[in-house]
Structures are given as C-alpha cells and as structure tokens.
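What the coordinates show
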Amino acid sequence: MKPVTITPLQWRVLRDELHKDHPKSVFALRSKMRTVLGFTVREHREWVMTRPNPDDPTVDQGHYEDQVHLDFYSENKRTMFLMKYSELIKR
C-alpha cells in the first residue's frame, strides 16, 4: 500500500490535530499507533532533481527534501483518515 507523503510542517499540524482526538499514549508506541490510527510514521529524505547539469551530464542538480511518510496497514483506515484529515494535508 502506498504511503501518504507529507511535509514536516504538515505533519506538525496534523499531529496537533490528532492529539486533540487521541491520548498521548497512542503516539508513544508504534504498535499502539498502528492499532489505533492504522498507520505508523516514518521520516524520509529524498533527492529531488531540479534539472540536469548542461556542463557535466554526469552531475545532476537538485536538492534533498525532508518528508514524512504515513505507512498505512488497512485500506479502510487509510480511506477514513483521508476523508477526515485531507484538508490539513493538501499541498
């Protein structure tokens, strides 16, 4: 199942909203987060190529982008999550 990919800022906003609905104990353990929320959180850094280097074709120009991946384990929970929180994670 494809993860939901968001920025660190979007994750902070989403996490604050999730804390209103769930006790902090849900976020303390990955297994508890997976059971209650249906996903776990994974931080990721991805290389984003902006354009090829015209002077040297072996060197690409780009930058690293920090991302937060929400790995879902249930399609039903993923769908409910997207219905409830999609306004917070729109780009």
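If you're wondering where the values come from, they're calculated on a predicted model, not measured in any experiment.

Digging into the packing of aromatic side chains
Scanning the entire structure with this criterion turns up 5 aromatic pairs. Considering the side-chain rings of Trp47 and Tyr64, the 5.1 Å spacing of their centres and the 70° angle between planes classify their relative orientation as edge-to-face. Of this pair, Trp47 sits in strand S2 (residues 39–52) while Tyr64 sits in strand S3 (residues 60–72), and the two are 17 residues apart along the sequence. The structure contains a cluster of three or more aromatic residues connected by ring pairs, namely Phe39, Phe72, Phe81 and Tyr85. A cation over an aromatic ring shows up here: Arg34 above the ring of Tyr73, its NZ or CZ 3.6 Å from the ring centre.

Definitions and limits used
- Residues numbered from 1 in each chain as written.
- Predicted model: local features only at pLDDT ≥ 70, side-chain atom pairs only at ≥ 80, totals over all residues.
- Heavy atoms only, no water.
- Phe/Tyr/Trp six-rings, centres within 6.5 Å; stacked < 30°, edge-to-face > 60°.
- Helix = DSSP H or I, 4+ residues; strand = E, 2+ residues; numbered from the N terminus.
- Lys NZ or Arg CZ within 6 Å of the ring centre and 35° of its normal.

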